[in-house]
Number of protein chains: 2
Amino acid sequence: MKIINVILSGGVGSRLWPLSRKSKPKQYLPIFDGRTLFEKTVERNLHYCNSIIIVGNKENYQLSREKLEQLGITHYGEIIEACPRNTAAAIAFAAFSVSPEDLLLISPSDHLIENDHFYQDSILRGIDLAKNGFMVTFGLKPKNPETGFGYIESDGEEVLGFREKPDLKTAEFFFNSNNFLWNSGMFCFKAGIYLEELEKLHPEVYITSLLAFNSKSDGFLDLENSLKIPSISIDYAVMEKTKNIKVVKSEFQWSDMGSFESLYDYLSSIGHPIDENGNMVIGTDIHTEFVGLKNTILINSPDALLILQKSMAQEVKGVYNRIEITKPELI
Amino acid sequence: MKIINVILSGGVGSRLWPLSRKSKPKQYLPIFDGRTLFEKTVERNLHYCNSIIIVGNKENYQLSREKLEQLGITHYGEIIEACPRNTAAAIAFAAFSVSPEDLLLISPSDHLIENDHFYQDSILRGIDLAKNGFMVTFGLKPKNPETGFGYIESDGEEVLGFREKPDLKTAEFFFNSNNFLWNSGMFCFKAGIYLEELEKLHPEVYITSLLAFNSKSDGFLDLENSLKIPSISIDYAVMEKTKNIKVVKSEFQWSDMGSFESLYDYLSSIGHPIDENGNMVIGTDIHTEFVGLKNTILINSPDALLILQKSMAQEVKGVYNRIEITKPELI
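Cut-offs and rules
- Residues numbered from 1 in each chain as written.
- Chains lettered and ligands numbered in written order.
- Predicted model: local features only at pLDDT ≥ 70, side-chain atom pairs only at ≥ 80, totals over all residues.
- Heavy atoms only, no water.
- Helix = DSSP H or I, 4+ residues; strand = E, 2+ residues; numbered from the N terminus.
- Rg over C-alpha atoms; globule rule 2.2 N^0.38 Å.
- Buried < 20%, exposed > 50% of the residue type's maximum accessible area, 1.4 Å probe, protein only.
- Contact = heavy atoms within 4.5 Å.
- Areas by Shrake-Rupley, 256 points an atom, 1.4 Å probe, with all protein chains shown as cover.
- Lys, Arg positive; Asp, Glu negative; His and termini not counted.
- Charge placed at Lys NZ, Arg CZ, Asp CG, Glu CD.
- Phe/Tyr/Trp six-rings, centres within 6.5 Å; stacked < 30°, edge-to-face > 60°.
- Pairing = 2+ DSSP bridges.
- Axes fitted to C-alpha atoms, helices over the stretch in contact; angles between N-to-C directions.
- Buried area = accessible area lost by both parts, 1.4 Å probe.
- Salt bridge = Lys/Arg side-chain N within 4 Å of Asp/Glu carboxyl O.
- Polar contact = N/O pair within 3.5 Å; in protein donor to acceptor, adjacent residues only side chain to side chain.
- Nonpolar A, V, L, I, M, F, W, Y, C, P; charged D, E, K, R; others polar.

K.L.:
I'd like to hear about the overall build of chain A, residue by residue, with values.
P.N.:
For chain A, the helix and strand inventory stands at 11 helices and 15 strands. The C-alpha atoms of chain A give 20 Å as radius of gyration, which agrees with the globular expectation for 331 residues (20 Å, within 12%). With respect to the three principal axes, the spread of C-alpha positions in chain A is 60 × 45 × 35 Å. Each of the 331 residues in chain A was classed as buried or not, and the buried ones make up 57%. Intrachain contacts of chain A at a sequence separation of at least 6 include 71% that bridge at least 24 residues. Here chain A has roughly 14,100 Å² of accessible surface; of this, 49% comes from carbon and sulfur atoms. Separation of charge centres in chain A, based on 33 positive and 44 negative side chains, amounts to 2 Å.

K.L.:
Break down the packing of aromatic side chains for me, citing the residues and quoting the values.
P.N.:
Residue and element names in this part refer to chain B. With the rule as written, the count across this model stands at 30 aromatic pairs over all chains. Ring geometry for F96 against Y206: centres 5.7 Å apart, planes inclined by 65°, an arrangement best described as edge-to-face. Placement of F96 in helix α3 (residues 86-96) and of Y206 in helix α7 (residues 203-214) is noted, with a sequence separation of 110 residues between them. The class for F96 is buried, based on a relative accessible area of 16%.

K.L.:
Describe the sheet that holds strand β13 (residues 287-291) of chain A, listing the residues and the values that go with them.
P.N.:
The strand order across the open sheet formed by 4 strands is β13(A)-β15(B)-β14(B)-β12(B), and the pairing between neighbours is mixed. Because the sheet does not close on itself, it has two edges, and the strands there are β13 of chain A together with β12 (280-282) of chain B. Geometrically, the sheet is characterised by an average inter-axis angle of 15° between neighbouring strands, direction not taken into account. Pairing between β13 of chain A and strand β15 (residues 304-309) of chain B: 5 bridges, direction parallel. Across the sheet, T288 of chain A pairs through a bridge with L305 of chain B, a residue of β15 of chain B. Each of β12, β14 (296-301) and β15 of chain B is contacted by helix α10 (residues 260-269) of chain B, which is oriented at about 100° to β12 of chain B, the strand it contacts most.

K.L.:
An account of the interface of chain A and chain B is needed here, citing residue identities and associated values.
P.N.:
Chain A puts 28 residues into the contact, and the matching count from chain B is 28 residues. Both sides of the chain A and chain B interface together cover about 2,200 Å² of buried area, and 68% of this is carbon and sulfur. Summed over the three residues of chain A that lose the most area to chain B, namely E289, V291 and I307 of chain A, the buried surface amounts to 33% of that side. Where chain A packs against chain B, one counts 2 salt bridges. Linking R322 of chain A and E289 of chain B is a salt bridge whose minimum nitrogen-to-oxygen distance equals 2.7 Å. Seen at the junction of chain A and chain B, the total is 14 residue pairs in polar contact (both at pLDDT 80 or more). Going through the elements one at a time, β13, β14 (296-301), β15 (304-309) and α11 (316-326) of chain A are the ones with two or more residues in the side of chain A that touches chain B. Counting residues per element, the side of chain A that touches chain B draws most heavily on β15 of chain A, at 6 residues. For the side of chain A that touches chain B, the per-class residue count stands at 16 nonpolar, 7 polar and 5 charged.

K.L.:
Mind laying out the pattern of salt bridges, listing which residues take part and the relevant values?
P.N.:
All names here are of chain A. Under the defined criterion, the tally for this structure stands at 29 salt bridges over all chains. The residue E39 makes a salt bridge to R35 at a minimum N-O spacing of 3.8 Å. Across the pair R65 and E78 runs a salt bridge, and its minimum N-O distance is 2.8 Å. Separated by 13 residues along the polypeptide, R65 in helix α2 (residues 61-70) and E78 in strand β3 (residues 77-81) bring together distant segments of the chain. Using a relative accessible area of 32% as the deciding quantity, one classes R65 as partly exposed. Shared partners join several salt bridges into a network, and the residues in it are R35, E39, E43 and K67.

Geometric descriptors of this kind do not, in isolation, establish any biological role.
So, in C-alpha cells, the structure goes:
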C-alpha cells in the first residue's frame, strides 16, 4: 500500500487576474516568499506520502513538469485533462491509475497551508481513518463568519451534513456554534473505496470518467470522451451522499487564496507595504500614491492593470469572464 | 507703442504630479490634442500683440526656447528668474524691460482658453481700456459655484472688491448674484502705469525687483538679489488697492487646469475614454480595469503612479510637497 498525494492543479484562478492567467494560474505564481503554491503543496505533502500524481490540464502541464524537475522529483504520475471536468472526475482519474488499496491524499495545488504540527496531526489522523476504510474530509475551525466558503456540520469526527455558502447571519451562527467547519477541499481515502462509492452514488461520472481514462494516450485524456463527463464536484457527487464519511477537525494555517482579499491579507502578514489608508500595490516597485482612496489594491502586470476596492474582490471573476470574450489575449 | 504679451511660465503645476514635474511643468505637457498650453497661449495672443516676453525660471527656460523655435518665433524678450517670487515681481521685470508707454497683456501660460469671439471681444476691450490708462483685469462669468477660485465683485466695468476663495454657501451666492466673476489671472495695462502703481502701493516689491532686474546678466536674474523680493501676487500687491482698475466681464472658454479634476473634464469633453463608473486612465494604453471604484483616475508615468479619487484632486499638491522632501528625484 502506497500513500499518494493527488495534486489537483487544473484551476485557472480567475479571481487573481491579471496576476494569474490561463497560461500561468495562481498556483504557479512565485509570490509566496518567491515560491509557488504548487511547490509548497508538493513539498509539504512529501512528508506524509510516498508518491505524487498530478492532475493538470493541457494549458499548463509544462509548468508543473518544470517545477517538479527543479525540485528534483522525477518519478510521479501525471494525468493531463483535455478540458476542466471538476473534482469528482479528476480524482477518479487518479484512482483509476493506482491500486485499489493505495491511499489517496487529495489536495488542491493553490491553497496556502503551513506544515505546522496541527497539519501533521490532521494528516496523520486522516491517513489512519482512511486506512480503516473511511472517506475522510478535512474541516477547518472557522477563523471568522466567512460567507465565501461551504461548511461541514460535524459532531466529533461524524459528519452531520454539508452546507452551501451561507448568508452573513447564518455564517455568524456557524461561527459561534463550534461544530461547523470550513470545507477545506482536501480528502483522504483508499482509491478503491472512492471508486466504489462513485460508481454507486454517481454512476454516470464513474463510467464516463473510466471511458475517458481508458482512451488516454501518454497521460493526455481524449477531448471527445472527456466532454461526456458531467462536471461535478466530489462534494456533490460523493461526499454529501456517502455513509462512509469522517471529518478531521483541523486548526492548521489555511487560506484558499481565492481572491485578492486573501492575497492582501497574506501579503500584509509578511510585511508587504500598505499605506496609512490600507492601500496596497502588487506587481510593481514603481512609486505609487493613492489619494482619497482606502483599502484599494493596484495590481500591475505588463499588459493589464486592475484597480480594486478590496471588499469587491469577488467581482474580479466577472471581469475575467468579460475579458475572456472581449480581449482573450489578456487571459 | 507696442502691445506685448507677457507670458508667465514659472509655475511648476504641482497639482498635476506625476504628469507634471519641476523639469516639465504642466504648460509644457503635450496633452491638449498633442499641443501644450504654452504654445496655445503664444499662438492665441499673437493675434492681438506685436511681441512676446517670457518670464520663466531657470529650471525650464529651455522648454519655452525650444517651443518658440519650433513655432518659428525668434524675436522675443526673455527674463529668467533665479527663484519663484510670485506675480507682482514677475510682471515688474517685464515692465522694466520695455518702454513705459508699451501695453502689457499679462497671461499665465498654463490655462486652457479657446480663442473664440468672446475672447477676442474681451482682449480688444481690455487693450482699449489699458490704452486709456486703466489697470485692467479680466473676470469670467462663473460656470458653477466654484470654491477653488478667487472672485471679483463688479458693477459693469467697475471693480467693487476682490474676494478670497469662498466656502460653498458663499460661492452659491456669488454664482446666483451675477456680479461676481472668477479672477482669471490675466491683466492688461501700460508698463509705466503698472510700475507707478507698484512703487506707490508696494514700494518694497518695486525697489527689490528693480535691483534684481538691474543686476541681471544675459536675461538671468541674480539669486541673491531675487531672494530679497517679497513673494506676493499682483492681486494683493496692486490690483486690490489701486483706484485705477477696470474689469472686463468675459465669457470665453477658460479652465485653469489647476487639478486633475479640470484635466478630467477637458479630456472627457474631447472623448478620452471613461468607463461606466466614471473612471479614467491618463498616461498609458495598457488595458486597465476598475472594480468597486467610481470617478477614480489612474495617472501613469514611467517612474510614478497616482490613483486618485477625482473629488480629492486638490490633495495632490500635498502629495507633491511630501514627495519633494522624501523622494525629490520623483519631482
